[in-house]
Amino acid sequence: MLENLDWRPDRLLLNELVFRLEQRKTDAWELGDQCFSFYKTKPLIDQYERFWATRPNFKADHVLELGMWDGGSLAFWFELLQPRKLVGVDLAERADSDYFQAYRRERGLADRLQTYWATNQADSARLRQIVAAEFQAPLDLVLDDASHLYGPTKASFECLFPLMRPGGLYIIEDWSWSHWASYQDPQHEWAHEIAPTQWALEMVEATGSGLQLITSVTVYQGFVAIERGPATTVELADFKLERFITRRPPRPAPASPPAPPRRSALRRYLGAIKRRLLAVIR
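Residues numbered from 1 in each chain as written. Predicted model: local features only at pLDDT ≥ 70, side-chain atom pairs only at ≥ 80, totals over all residues. Heavy atoms only, no water.

## With respect to a nonpolar patch on the surface
Quick note on the threshold: In this scheme, patches are assembled from residues that exceed 30% relative accessible area and form no salt bridge. Like charges are connected within 9 Å, while nonpolar side chains (Val, Leu, Ile, Met, Phe, Trp, Tyr) are connected within 5 Å. Every accessible area reported is derived by Shrake-Rupley at a probe size of 1.4 Å, with residue values counting cover from the shown protein chains alone. Any Lys or Arg side-chain nitrogen found within 4 Å of a carboxyl oxygen on Asp or Glu counts as a salt bridge. Only runs of H or I of at least four residues qualify as helices and only runs of E of at least two qualify as strands under DSSP, and these elements are numbered from the N terminus. Relative accessible area decides the class of each residue, using a 1.4 Å probe on protein chains only: under 20% of the type maximum gives buried, over 50% gives exposed, and in between gives partly exposed.
A surface patch of nonpolar side chains, about 410 Å² in accessible area, is lined by Tyr-269, Leu-270, Ile-273 and Leu-277. On the secondary structure map, Leu-277 appears in helix 7 (residues 263–281). With a relative accessible area of 51%, Leu-277 lands in the exposed category.

Encoded structure:
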C-alpha cells in the first residue's frame, strides 16, 4: 500500500502530488501554495505500514476522517486506500484550498471525495447527518486526527462506532501526547486536560469485558486501532461505552482498629482496678 511514497527532506511525493512536511518547514520552499500541508511524520507512516501489513485483505470502501487540516491527509488516504467514498470533517472555518480543488477536479472525484468544514467532532447529531447523507453502507474505516482531547474523541467514538460494519476499524491518532515531555509543562494549555490514555485504557477494558463490541485493540505510539465486534445496531442503540465495560466491585476498606482509649478514661479504668485491689488486700 505504501510502496509509492517518495520521502524527501522537506516533502513527500505521492502519485504526482506534493505534501509539504510541516515539521521540516523552512523558508526555502519554491512551490508556494501548490502543495498540501502535511503534519504526519515518516515514523508515524512507518507504523501504519506495519499495521496494514497485518491486514492485507482489509478493504475500506467507505471512509470518514475527522480532522483533515487543509485536505492533505484526505488526499493522502484517498490515494492509498482508493475507497468508493471518503469524507472529511474539520473544525476549521475555511474552504478547500485551490490545490485540493484542482486535485479533486482533475481526477474526477466530485462523487467520491467530500469535505465538511466548520464541523465539531463532538457534534454527534451533525456527524450522523453527514454519514446518512454521504454513505449508502456502513462505515469501514474511521480515522480520528482531530482534537486529540478525551471528551471530543470519546463523543465521536460513541456516535460513529455503531455506524460501522463488524470488522471495521476505528483509528485514533496521537493518543499518547500526555507522555511526551513537551506536553508535561504545568503551563501547557492542555495541562488540565484528561489524558487520552484513559480513553485507550477504556478500549482495553471493553475488549476484556467481551468480544461483542470490540474484537481487538492494536496500540502503536502514533495511533490506536479498534476493530469493531459483531454487536448489532440494535444492541448499540443509544451507545455509551461504559455499558460495555464490566469491572470488579470496589474492595471494601479494611476495618479500622479500635481507637485507643482517651487518657482520662484510661486513668479512670486504672483507678477502678486499684481500688478493687486495695479492697481485697484489706
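## Looking at the sheet that holds strand 3 (residues 17–21)
How we decide: Strand pairing follows a simple DSSP-based rule, namely that at least 2 bridges must link the two strands. Every residue pair with non-hydrogen atoms within 4.5 Å of one another is taken to be in contact. Axes here refer to lines fitted to C-alpha atoms; in helices the fit is confined to the stretch in contact. Angles between the N-to-C directions go from 0 to 180 degrees.
Pairing is mixed across the open sheet formed by 4 strands, whose spatial order is 1-2-3-4. The sheet is open, and its two edges are formed by strand 1 (6–7) and strand 4 (36–38), each paired on a single side. With 2 bridges joining them, strand 1 and strand 2 (residues 11–14) adopt antiparallel strand pairing. Residue Trp-7 lies in a different strand from strand 2, and its bridge partner there is Leu-12. Lying over the sheet, helix 2 (residues 72–81) contacts strand 2, strand 3 and strand 4, oriented at roughly 90° with respect to strand 4.

## Concerning unusual backbone geometry
Backbone geometry follows two general trends: most residues other than glycine have a negative phi, and most peptide bonds adopt the trans configuration. Phi angles above zero are rare outside glycine, and Trp-69 is one such case at about 50°. The residue Trp-69 is located in the loop between strand 5 (62–66) and helix 2 in this model.

## Quick word on the layout of surface pockets
The cut-off we apply is this: A pocket, in this scheme, is an open set of points on a 1 Å grid over the protein atoms alone with protein on both sides within 12 Å along at least 5 of 7 lines, while a cavity is a set where a 1.4 Å probe fits but cannot get out; residues line either one if an atom lies within 4 Å of a point. Grid points are joined across faces, edges and corners, and a volume is the space filled by probe spheres set on the points. Think of it as three bins: nonpolar holds Ala, Val, Leu, Ile, Met, Phe, Trp, Tyr, Cys and Pro, charged holds Asp, Glu, Lys and Arg, and polar takes everything else, Gly as well.
Roughly 830 Å³ of internal volume is contained in the largest pocket. Taken together, 33 residues line the largest pocket, and the ones lying closest to its centre are Tyr-39, Asp-145, Ala-146, His-148 and Asp-174. Listing elements by their share of the lining of the largest pocket, those giving two or more residues are strand 4 and helix 1 (42–53). Residue contributions to the lining of the largest pocket peak at 3 residues, all from helix 1. A class-by-class count of the residues in the lining of the largest pocket yields 15 nonpolar, 13 polar and 5 charged. As a volume, the second largest pocket reaches approximately 170 Å³. Along the walls of the second largest pocket sit 13 residues, with Arg-128, Glu-158, Cys-159, Asp-238 and Phe-239 positioned nearest its centre. Listing elements by their share of the lining of the second largest pocket, those giving two or more residues are helix 4 (124–134) and helix 5 (150–160).

By themselves these figures say nothing about function.
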